[in-house]
Structure formats: structure tokens, C-alpha cells
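# Fold and contact review
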Amino acid sequence: MIHSIPAVLASLVPLRASNAFWLPEEGTAAAGQVDWLFNLILGISVFFFALIAVLTIYFLLRYRRRQGIEAGQPPTHHTWLEITWTVIPTIIVIVIFYFGFTGYMDMKIAPENALEIQVTGQKWQWLFSYPNGHVDPDLHVPVDQPVKLIMTSEDVIHGFFIPDFRQKMDVVPGRYSTVWFNVSRPGKHIIFCTQYCGRGHSDMSAWVVVHPPGEYEKWLTEVGDEISKLPPAEAGEKLYLTRGCKQCHTIDGGASTGPSFLGMFGRSETMKDGAKLTVDENYIREAIIDPQAKIVAGYQPVMPTYKGKLKDNEITVIIEYLKTLKR
Amino acid sequence: MNTVSSPATPAAAEPEHAASYLQDGHGIKSWIMTLDHKRIGVLYLISILAAMFLGGLFAMLIRTELLTPTKTVMEAETYNRVFTLHGAIMIFLFIIPGIPAALGNFVLPLMLGARDVAFPRLNRLSWHLYVIGALFAIYSLIHGGADTGWTFYTPYSTTTTSAVVPIVFGAFILGFSSILTGLNFIVTIHRFRPPGMGWFRMPLFLWALYATAIIQVLATPVLGITLLLLIVERVLGVGIFDPTLGGDPVLFQHFFWFYSHPAVYIMILPAMGVISELVSTFSRKHIFGYKAIAYSSVAIAFLSFLVWGHHMFVSGQSPMANMIFSALTFSVAIPSAVKVFNWVATMYKGSIKMDAPMTYTVAFILLFGIGGLTGLFLGALATDVHLHDTYFVVAHFHYTMMGGVLMAFMGGLHYWWPKIFGRMYNEKLANIASLMIVVGFNITFLSQFIMGSLGMPRRYYNYRPEFESYHQWSTAGAYLQAIGFILVAVYLIHSLRRGRLAPANPWGSATLEWRCASPPPTENFAQQPTAGDPYDLKPLVFDPKLGGFTYRAESAEGVA
């Protein structure tokens, strides 16, 4: 089948694309196929560019204007030549289109047995929710297992990009998008956000951690009940660092998108509508679940809700953590 | 001397200092309220060069910030505004109006041997709208500027707190300016062609402007409506694109690219037209494959409406739509390739002179070649998924728009400069500057291709340290280009007062604009000349006494 040509050729060519300095590491077999097509197009492009460049430069030198020598008068069109240079590029682009399309479909359709992980993009962090309810700032996956990500956004459009897997998909609020991959070696790979999303866009990265056989399940049970094992304030700090709080709230009193957490608990704050209130457990709980209800004066109502994303015991430990941030 | 001026070139026979359009009226009002297409062309030229300077300044700020992986000179919020303004100013205020409104306005009626465009008042209104649109952009700039990127993607653009509305409204007004120019050109080309100029005797620059005008008139209204909807959502809170209000953010992308993809052909088609004129003139050869070039302009204009979805391969668009848009995208590659082959073939057996316009022409052919070929990586679905929204796209876009459109604009500017201002510039400095620009350009953007295929995403303020050396090369190239452009500004401004007086036809072109004086009188031609083959350069011979070309005595009859 023509379909399998890239895979077959990619395995035959000894110099793998991952050795090329212009492409990142090949984390998956699919990445190898993309690279095969990339290098095919590169070869075609280099050939045609060289053809045009050599002819142009040759003509410039050979036919440069000289005293007393007039331009020749070759025919001003040549039907067969023109048909040839229309038909050849047409055939070439059809070939490129075909491999581009089939390669894309392979990377698009996930196998039935894929492990599903939920992904949420928000300004400016990725959150990965695992089947046991654990939420993590990094993507942990087992080796040699198809993984399907079901992704959505809390706020604006983000772009989920793993260069080593040659996979990318926009993460759009109000709808789900998916990508899938199957990683063949344990290791670590970077995740970027590729759809511009504001101040922290370029810092919105995470890691894919590929666990050796058996390790993924071990990791998952270990982190699953982490919150109940740690002292409350420490568990709260962990959530602060990993669940998207630190992107907008500093703990050193510095300015950011939201008010600093330093000395916040027990502080008297003026709200946008002029009302004054003291920050206590109930206000913090409300600010997490319904962030737009009461906005501190001087800030924009931009925080996404954490309703359904943080459990009650998680909100409790976050409050405990905030209590420790005294001036 | 056995050469005399042809009877078909009455203006050339007139004394050099016959009252030109530049002397016809003094004071600011005689310029900003003028109805003369040539003066409007000059006003556009000054405006777009100012926009280019501003956009270039922002480009330098971007490149300076990216010298180091973290903060170099500005905060992230400032950087986001700077790259937005760089894109918006360069696209809406420089590249879109660049060749059609500035060079086209000046040259189009002259190429037709006409007195003016069909609707001079509409033409003036176009420029006034351009200025009003530009003022809105500057207003946004003063009020902190927008931070959305030039693409204004929702829901970011409807929820950010920066000054989005004024700049979007500015782009909305600029759209009308563009529509009116396109309308004017269509009617002028239909109605004002001189005797002897059938459709297939039209200079290819006019074919290109005609194809461009059709896109301007048909596609720009879609942008206008889209931008208006964006303002409606932001100001009135009507849910159109923002999902929290019940809208669909991807709908905006469809609307936006339905205009903005054809818009890249609004930019590149006139550039291709300029190149067709230049490659023939400076090779002293008839253009090769005239009809193929003319038809390919029309084919590109038509196909440009059908490929917008290739900007959205990873947006969540269905795989079926992706497959169709990928296939249609490749179809645009063919007419573009045909043009390149025709230009190269035109040089065959020519008598090629590497004056500045030809240097830019060669730069265009090679750089646009790279721009077009790298488009193949982006048109193919599997590779696009990896390259989308990386520096590869940034580099591809700049190779087509800067390596393509800007090089053609520079070529056209140097080519028609003597006609517009009646003065020659310093040829040696022009060649040095063009070399600096071309070398600097390649250093800037070749490194971006590599970064992009390695996975460096675009619009990044901080970046991973492994990309640092590529960014530094890119910045060094950008500085070299800046020096080149400053040099261009210096010798062009110098030429306005000190340049050698230009002959009517310094390069030996056969199109009609070279038959009137340089600079032309207000009425262009005493009577509309009869057009011949615009690429029959054989009867033109160099006259050292004039410092330019003139018609051979014996062939005068044949030309008329």
C-alpha cells in the first residue's frame, strides 16, 4: 500500500531525521513519519531552489549587458516548455498533498484502547487530570501505550504543542479537542503553548514525563492521596504551585494580575463597588468558587472559576496555606 | 546621431523643464486637497514610508528584546504590544496599500496614457480615509496599544484590557480606503485603455493591479463586517465569538482569514506585476509567456478565496475540511511557480544590467522562491501540524511578504523614482544598500526557519536557552537591514535636490509612462498616445546625450 511508504522508507534510510540539526528529537514513531515527509519536501525544495538560483545567476553572468551586443530574440513563448513546467509541479504537489494527508490522518485517529487524560489550558498553565482524580501540572504517561488527550480551555484559546512528538492542537474554550500519541522510550519532553494568550504566554510550558513499564501506575497511586498525607499548609503550598494560583498571585507582596497572597488572610480589602470586607475563610472560598462575585478594587475580573476543579479538602488546605503567609 | 525622438513620444521631445505636476500648485492645501493621481500617489508614498519606518522601528524593538532568553529591554506586556503594532502597522498601513495605492496610483493612469483615474475625487477620499485609519492606530498606540497580535483572535481580543477598539476601528476604516482604490482601478482599466491596448496588450503590472483590485473589492467587506462584529461584542457585550456569551471563537478565525488570506495576494500580486515589468526592461527582452503570467494573476486571485482554511489546520476544524483546504492550497502553488519560471526564462539571452531595480528583482525571484517552497511544508497537513504557530511560519511569511513584496516595492520605487521626482539617485549607493538589505534579510530569517522547525513557538517573550544563538543571529541580521534601509533613505532624499535630472526613459521601457516627461506634466499627455506591444524593446536605443533611451528613427512609424 502506498500509505505505508513513509514508514518503510523511514526505516530503510540509515540517517534518521532525528540526527538532522533542524528537527527536534523524535519522541514517537509518528514523529519519524512526519520527519520523513519534511525531509522529502526539503529535498524537492532544495532541488527547485538550486535550479532557479543556478539558472538566474548563470543568465546574469552569461548575458550581462555589454557594449555593442544586443539582446537575442528567442521566442516569447513556447507552449510545450510552458506545459511541462506547469505539469511537473502539479504532479509534485499532488504527491506532497497525498503524504501530508495520510500522515495527518494517522496522527489524528486514536486507537480504541488509548488511555484518556483530561487537559485544561488556562492563563498560564496546563493542568492534567488523571482517571483517579489527581490533577498535575505535568503530563505523566506510560511508555508504549497510546494516550489520548481530551483538551479544553478555561479562558482564551491556547495551543498544545509537543515538538518531540510533532503534535499540536488548539485548545479552545467551550469545546473539546484531542491529540493522541504513543511514546516508545521513557524520557522527558517539553510542552509549549502556541496560541498567543497574553502576558504569560511564553511561560506556559509543561513536561511530558514518560514512565518505564509499571512505573506510571505506581506514580499515580502515590500522588493520588498526597493531599491527605501531607501537613495541611504544605499540601496547600503544593496546590498553590501546581494548580494555577501562582501565575497571578505572588507570595512576596509583588504586583501581578491578582492581589498578592502575602498577608492577605485577615486583611481588610476594599471591593470594586466600594464595600469593605475582611478576608476570612468564607471570602477565600467564595473567591475560588465564584471569583467574579467580589472583585478587589484595582483588579480586573479575569479569574476562572475553580468550582468542580478543587475539592473541598483542597480548598481547606489552600486556606491553611494562606494563613501562614504573614507579613 | 541617427536617432531622433519618435513622433509617438511628444513629451520626450519637449524641453526637460516643462511645468511638471510637482510645480503645479504650492502649499500644503494644494497637496492634501489635490485631485491629481500623481500627487495622491506621492502622498500615499510618503504615508506608507512613514508607516514602514514606524513598523521597522517596532521590528528593531522586537529583535532587541529577543537578544536574551529573558527580559532584555522591556516587560512582557510591552513586548506583546510591540509585536502587535509591528504586525498591524506593516500589514494594514504599509504592505496592503504599498504597491497599489502608492506606486499604482502614480503609474496606472500613465501606463494607460490617460489623464487620471476614472474617479479622482474617490481617489482623494481613499487617501483621506487612509490617514483617518492611521490616526486611529496612532490613537491606540498613545493609549497603550493593543496586545492581541495583528490577527485579533477572539476571545483574547474581546477580553483583554488593552486598547483594542481604536486599532480595530482603524483597520475597519482602512478597509474602505482599500475598497475605493480597487473600485477606481477596475473602472479605470475598463474605460481608459488607449487605442491599441486590448486586454492582452496591457502591461502585466496592470493585469496584476486589476486582479488585486478584484480581491480588494470582494474580500475587504468581509474584514469590515468581522471587525465591526468584534467591536460590537467588546462594546455591547453581544455574544458572537466569546463562548462565555454563547459565541464561537473559531468563527472569528474563519471570518478573519476569509479576508486575510486573499489579502496576502492583495500584497503579492502587485509585487509580481512590478517584477514582470522590471525583469523585461533590465534584460532588454520581451517578457516570456505573457499570457501565462496574465492568466496566472487571475487564477491566483480566484484561488485565493478558497484557501483560507489552511490557517486553521490545528484550530479544531474537521479533518475533512483540512483535507480540502490542503488540496486547494497546493493549487495556488502552480500559477506562482509558473510566474517564477517565466521570469527566469525572460532573462535567457537577454542583455542584463544590474541596476538597483534589477538587483531587487533578482532578490525577489530567489527570496520569493524560498518563501513559496517553504509554503509546501505548511500546505501539507502532517508537517503543518508540527510547524504551525512556530517561527517557521514567521520566517515563511517574511520571505513572501518582505523577501517578496518589499523587494518588489523597493525595485519599483527605484524604477519609477526618476519618473515620480525627475531625479536620478546614486546607483552605487543603491547597490550597496540593496546588498546589505538582502544579506541582512537572509541572516534574520534563515535562522528563524531553523528555530521554527526545532519547535520555537512564535510570539514568545521568554524562550528556552537552546534557541538563544539563533535569535542573536536573527537580531544581527535585522540590524544590518536597518542600516541598509537608512542608507536608502539617505541617498533617495539626497537625490531629490542633488540628483542628476532624469531623462524621460532612463531604463529603456516600452510602457507608456516612459513616453511623458520625468516628472510628468499635470495633464500627463497632450493627447492619449497609441499603445504598442508593451514589451517590444527592440526599437529603443540608448542616447548618451539624453542619458536615457529613445526610439530609433526608422522604427518610429512602427511604434505609433
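This structure is a prediction, so every number in the text was calculated from the model and none was measured. (Residues numbered from 1 in each chain as written. Chains lettered and ligands numbered in written order. Predicted model: local features only at pLDDT ≥ 70, side-chain atom pairs only at ≥ 80, totals over all residues.)

## Focus: the overall build of chain B
Counting its secondary structure elements, chain B contains 17 helices and two strands. Taking 560 residues into account, the globule formula puts the C-alpha radius of gyration at 24 Å, and chain B, at 23 Å, falls close to it. Seen through its C-alpha atoms, chain B measures out along the principal axes to roughly 75 × 45 × 45 Å. Across the 560 residues that make up chain B, the buried fraction comes to 62%. Taking the intrachain contacts of chain B between residues at least 6 apart in sequence as the baseline, contacts between residues at least 24 apart amount to 83%. (Helix = DSSP H or I, 4+ residues; strand = E, 2+ residues; numbered from the N terminus. Rg over C-alpha atoms; globule rule 2.2 N^0.38 Å. Buried ≥ 20, exposed ≤ 12 C-beta atoms within 10 Å, placed from the backbone. Contact = placed C-beta atoms within 7 Å.)

## Side note on the overall build of chain A
Tallying secondary structure elements over chain A gives eight helices and 12 strands in all. Taken over the C-alpha trace, chain A has a radius of gyration of 28 Å; the compact-globule value for 327 residues is 20 Å, which it surpasses by more than 25%. Out of the 327 residues in chain A, the part that is buried amounts to 33%. Put simply, 63% of the contacts in chain A that link residues at least 6 apart link residues at least 24 apart.

## Considerations on the interface of chain A and chain B
With 67 residues of chain A at the contact, the number on the chain B side is 71 residues. Within the residue set of the side of chain A that touches chain B, elements represented by two or more residues are α2 (29-62), α3 (79-108), β6 (158-162) and β7 (167-171) of chain A. Class assignment for the residues of the side of chain A that touches chain B results in 37 nonpolar, 19 polar and 11 charged. (Nonpolar A, V, L, I, M, F, W, Y, C, P; charged D, E, K, R; others polar.)

## Let's talk about the pairing of strand β9 (residues 187-193) of chain A
Residues and elements named next belong to chain A. Relative to β9, β6 runs antiparallel, the two being bridged by two bridges. Within β9, the position partnered with phenylalanine 160 by the bridge is cysteine 193. Sheet analysis places β9 next to strand β10 (residues 206-211), joined by five bridges and oriented antiparallel. Counterpart to histidine 189 in the pairing with β10 is valine 208. (Pairing = 2+ DSSP bridges.)

## Comments concerning the packing of helix α4 (residues 76-111) of chain B against helix α9 (residues 249-283) of chain B
All names here are of chain B. Close contact between α4 and α9 brings their axes to 8 Å; oriented N to C, the two are set at 40°. In terms of orientation, α4 and α9 fall into the oblique class. Of the two elements, α4 crosses α9, and the hand of that crossing is left-handed. In this structure, α4 uses Ile95, Ile96, Ile99, Pro100 and Gly104 to contact α9, whose residues at the interface are Ala263, Ile266, Met267, Pro270, Ala271 and Val274. Here the residues of the contact of α4 with α9 are counted per class, giving 10 nonpolar, one polar and no charged. (Axes fitted to C-alpha atoms, helices over the stretch in contact; angles between N-to-C directions. Parallel < 35°, antiparallel > 145°, perpendicular 65-115°, else oblique. Left-handed = near helix turned anticlockwise from the far one by under 90°.)

## Examining the domain arrangement of chain A
All names here are of chain A. Segmenting chain A into domains produces domain 1 (2-108), domain 2 (115-224) and domain 3 (230-324). One C-alpha centre belongs to domain 1, the other to domain 2; they are set 35 Å apart. Across the boundary between the two partners, domain 1 contributes nine residues, which contact 10 residues of domain 2. Counting residues per element, the side of domain 1 that touches domain 2 draws most heavily on α2, at four residues. Its residues placed into classes, the side of domain 1 that touches domain 2 shows six nonpolar, two polar and one charged. (Domains from an automatic or database assignment.)

## Observations concerning the sheet that holds β7 of chain A
Residues and elements named next belong to chain A. If you trace the five strands from one edge of the open sheet to the other, you get β4-β10-β9-β6-β7, paired in mixed fashion. With one partner strand each, in any of the chains shown, β4 (139-142) and β7 form the two edges of the open sheet. The sheet shows a mean angle of 20° between the axes of neighbouring strands, direction not considered. Helix α4 (residues 215-224) contacts β4 and β10 of the sheet and is inclined by roughly 140° relative to β4.

## A word on the confidence of the model for chain B
Residue and element names in this part refer to chain B. Mean pLDDT over chain B stands at 90; residues scoring 70 or higher make up 96%. With pLDDT under 50 throughout, residues 1-17 is counted as low confidence; its partners more than four residues away or in other chains account for 38 contacts. Every residue in residues 556-560 is under pLDDT 50, and counting partners more than four places away or in other chains gives 13 contacts. (pLDDT = per-residue confidence, 0-100.)

## Quick notes on unusual backbone geometry
Residue tryptophan 124 of chain A is reached from lysine 123 of chain A by a cis peptide bond, and omega for that bond is -5°. Within the secondary structure, tryptophan 124 of chain A is located in the loop between β1 (115-122) and β2 (125-129). Here aspartate 389 of chain B, not a glycine, exhibits a phi torsion of approximately 60°, which is positive. Along the chain, aspartate 389 of chain B falls in the loop between α13 (381-387) and α14 (391-421).

## Side note on the nonpolar core
Residues Ile89, Met267 and Ala271 of chain B are the most contacted members of the largest nonpolar core, which totals 246 residues. For this core, the leading source of residues is α4 of chain B, giving 22 residues. When residues are assigned to domains, this core turns out to be shared by domain 1 (2-108) and domain 2 (115-224) of chain A, each giving three or more. Among residues more than four places away in sequence, those in contact with methionine 267 of chain B are Ile95, Ile96, Met401 and Val405 of chain B. Formed by nine residues, the second largest nonpolar core is a distinct cluster that contains Ala235, Phe261, Ile319 and Tyr321 of chain A. (Core = buried A, V, L, I, M, F, W, Y, C linked by C-beta atoms within 7 Å.)

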